[in-house]
Amino acid sequence: EAHPRLAEIMPSLIRHLHGFAREVNLTVAEWMTAVEFINECGKISNDRRNETQLLCDIVGLESLVDEITSKMLATSSLETPSAILGPFYRHDSPLLPNGSSIIQKLDPSDSWYEQAMADSAYITGRVLSSSGAPIQGAIVEVWQSAPNGLYEQQDESQPEMNLRGRFATDADGHYAFYALRPVPYPIPDDGPAGRFLRLLDRHPYRPGHIHFIVSAHGFRALTTQLYDDRDEYIAKDAVFAVKDELVVKFVPRDGDRTARWTLEYDFVLGRE
Ligand code: DHB
Ligand code: FE
């Protein structure tokens with residue numbers, strides 16, 4: 001007996017696939033090109049690279065299912081909106097003390113080190129319930145790319161778990177850490193997903209962003225991203241993941257040699 005959800009999903013998927021093929025008069029040769037394309041995405045995917053997810057993302061599918069899922073689960077309009085996970089999440093990032101840095105000590109000869117330190121940011125705020133009560137012991141998990149546009153697992157020159165960390169909120173629900181003001185960068189475009197973008201005359205850039213998963217006992221975990229309002233790609237994200245409420249302002253920071261910018265942001269979680 002078919003799984004009930006599959007029994008609902010599959011006939012619709014098949015109907016739409018058939019409808020699509022009829023609508024565009026899809027030929028055998030064109031279908032075969034698509035099969036080979038998907039095979040190629042699978043073949044180059046591994047722990048460090050998820051080309052099939054990338055393909056879904058550039059056609060807006062991950063953003064769409066994120067939107068559908070959050071609409072289904074949200075219980076209050078006060079909750080912080082979710083955003084896509086993206087392909088570069090890693091489990092087991094280090095649990096760091098509040099107020100410490102996710103920028104790991106690097107070889108100062110690293111090409112992006114100077115630039116990184118010149119654009120570092122102190123990021124702080126609270127984790128709240130939708131009634132405004134602070135949540136103690138919430139885990140704020142964060143990850144971002146280096147200024148060279150690469151996440152740590154894509155880049156031999158970065159130490160393991162660089163620019164990743166988890167922070168636990170204090171009794172007032174506060175979290176704080178040092179990170180980088182994010183920069184726009186191209187999604188990996190040296191494979192089939194990149195070819196696809198070029199065929200459609202599209203650029204591969206995402207606006208600068210910082211990824212978060214915020215979780216706490218009794219609350220639904222929030223997967224989201226924050227976007228820098230100075231970024232020219234805000235309105236043309238290659239993977240369609242920007243939401244207005246997630247666009248933030250970094251303000252100049254005085255009297256802190258470790259960071260040039262401050263970002264304050266409160267996350268509001270919904271009950272489980
Ligand atoms: C995608 C998402 C990201 O956050 C990122 O850094 C690169 C790619 C994506 O949706 O494919
Ligand atoms: Fe990302």
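Each residue is numbered by its place in its chain's sequence as written, counting from 1. Both sets of labels track the order of writing: A upward for chains, 1 upward for ligands. Side-chain atom pairs in this predicted model are given and counted only at pLDDT of 80 or more, local residue features only at pLDDT of at least 70, and totals for whole chains, interfaces and linings cover all residues. As a convention, hydrogens and water are excluded, and side-chain values are obtained from all of the structure's heavy atoms.

Student: In this structure, what is going on with the overall build of the chain? I would like to understand it.
Tutor: Within the chain, the secondary structure is distributed over 6 helices and 12 strands. Here the C-alpha atoms of the chain give a radius of gyration of 20 Å, agreeing with the 19 Å that 2.2 N^0.38 yields for 272 residues. Taking the principal axes of the C-alpha coordinates as reference, the chain spans close to 65 × 45 × 30 Å. Look at the contacts in the chain between residues 6 or more apart in sequence, and 72% of them connect residues 24 or more apart. Exposure was quantified through the Shrake-Rupley algorithm and a 1.4 Å probe, taking into account, for residues, occlusion by the shown protein chains and nothing else. For the chain, the accessible surface area stands at approximately 14900 Å², while carbon and sulfur atoms represent 55% of it. Each charge sign in the chain was given a centre, from 26 positive and 40 negative side chains, and these centres are 1 Å apart. The numbering of helices and of strands both runs from the N terminus, where a helix is a DSSP run of H or I of at least 4 residues and a strand a run of E of at least 2. Restricting the calculation to C-alpha atoms gives the radius of gyration, and the globule rule supplies 2.2 Å times the number of residues raised to the power 0.38. We call two residues contacting when some pair of their heavy atoms lies within 4.5 Å. Note on charges: Lys and Arg go in the positive column, Asp and Glu in the negative column, and His and the chain ends are not counted at all. Charged side chains are reduced to one point each, which is NZ for Lys, CZ for Arg, CG for Asp and CD for Glu.

Student: Please explain the pairing of strand S2 (residues 139-143) as it appears in this structure.
Tutor: Regular strands show a simple pattern: their side chains alternate between the two faces of the sheet. Of all 5 residues in S2, 4 are buried; the element is thus mostly enclosed. For two strands to be treated as a pair, DSSP must find no fewer than two bridges joining them. Here 5 bridges tie S2 to strand S3 (residues 164-168), and the two strands are oriented antiparallel to one another. Across the sheet, residue Ile-139 finds its bridge partner in S3, namely Ala-168. As judged from the 5 bridges shared by S2 and strand S7 (residues 209-215), these two strands associate in the antiparallel manner. Counterpart to Glu-141 in the pairing with S7 is Ile-213. For every residue, the accessible area obtained with a 1.4 Å probe (protein chains only) is divided by the maximum for its type, and the residue is called buried under 20%, exposed over 50%, and partly exposed between those limits.

Student: In this structure, what is going on with the side chain of Glu-51? I would like to understand it.
Tutor: Relative to the helices and strands, Glu-51 is located in helix H3 (residues 51-58). Polar contacts here mean pairs of N or O atoms no more than 3.5 Å apart (in protein, one a potential hydrogen donor and the other a potential acceptor; neighbouring residues in sequence count only if both atoms are side-chain atoms). Here Arg-49 takes part through its side chain, which lies 2.8 Å from a polar atom of the side chain of Glu-51. Beyond its immediate stretch of four places on either side in the chain, Glu-51 contacts Cys-41, Ile-44, Ser-45, Gly-191, Pro-192, Ala-193 and Gly-194.

Student: Whenever I open this one, the coordination of the iron ion (ligand 2) confuses me. Can you help?
Tutor: Geometry reference: four tetrahedral donors at a metal, ideal angle 109.5 degrees. Six octahedral donors, ideal angles 90 or 180 degrees. As a rule, N, O and S atoms within 2.8 Å of a metal are its donors, except that Na, K and Ca use 3.2 Å; water is not among the atoms, so sites may look incomplete. Protein coordination of the iron ion (ligand 2) is provided by Tyr-151 (OH), His-209 (NE2) and His-211 (NE2), with donor distances spanning 1.9 to 2.1 Å. In primary sequence terms, the donor set of the iron ion (ligand 2) follows Y-x57-H-x1-H. Here Tyr-151, found in the loop between S2 and S3, pairs with His-211, found in strand S7; they are 60 residues apart in sequence, far enough to count as distant. The class of Tyr-151 is buried, set by a relative accessible area of 0%.

Student: Before we go on, may I ask you to explain the confidence of the model for the chain in this structure?
Tutor: Regions with low pLDDT should not have their predicted coordinates read in detail. Confidence along the chain averages 94 in pLDDT terms, with 96% of residues attaining 70 or more. Both scores are given for the predicted complex: the pTM is 0.92, the ipTM 0.95. The pLDDT value tells you how sure the predictor is about a given residue, anywhere from 0 up to 100.

Student: Whenever I open this one, unusual backbone geometry confuses me. Can you help?
Tutor: Glycine aside, a negative phi is what most residues show, and trans is what most peptide bonds show. Of note, Asp-92 is a non-glycine position whose phi angle comes to about 65°, a positive value. Here Asp-92 lies in the loop between helix H4 (61-73) and helix H5 (113-118). Phi is positive for Asp-201, close to 60°, though the residue is something other than glycine. Among the structural elements, Asp-201 can be located in the loop between helix H6 (192-199) and strand S6 (205-206).

Student: Help me out: how do you make sense of the site of ligand 1 in this one?
Tutor: In these notes, residues near a molecule or strand are those with any non-hydrogen atom within 4 Å of it. Lining the immediate environment of ligand 1, one finds 14 residues, of which Asp-57, Tyr-151, Tyr-185, Arg-206 and His-211 sit closest. Contact distances for ligand 1 include 3.0 Å between an oxygen atom and a side-chain N or O atom of Tyr-151. Arg-206 is positioned such that a nitrogen or oxygen atom in its side chain is 2.9 Å from an oxygen atom of ligand 1. Coverage of ligand 1 by the protein chains reaches 100% of its 290 Å² of free accessible surface.

Student: So what exactly am I meant to see when it comes to the packing of aromatic side chains here?
Tutor: Centre distance and the angle of the planes are the two values used to describe a pair of aromatic rings. By convention, a stacked pair of Phe, Tyr or Trp rings (six-membered ring in the case of Trp) has centres within 6.5 Å and planes under 30 degrees apart, an edge-to-face pair has planes over 60 apart, and any other such pair is tilted. In total, this model carries 12 aromatic pairs according to the counting rule given. Consider the rings of Phe-37 and Phe-196, whose centres lie 6.0 Å apart with planes at 45°: the pair is tilted. Highlighted residues: Phe-37 in helix H2 (residues 28-44) and Phe-196 in helix H6, separated in sequence by 159 residues. Members of the aromatic cluster, joined through ring pairs, are Phe-167, Tyr-175, Phe-177, Phe-212, Tyr-265 and Phe-267. Only when the NZ of Lys or the CZ of Arg is both within 6 Å of the ring centre and within 35 degrees of the ring normal is a charge said to sit over the ring. It is Arg-181 that lies over the ring of Trp-261; its NZ or CZ is 4.2 Å from the centre. Just above the ring of Tyr-233 sits the side chain of Lys-236; from NZ or CZ to the centre is 5.2 Å.

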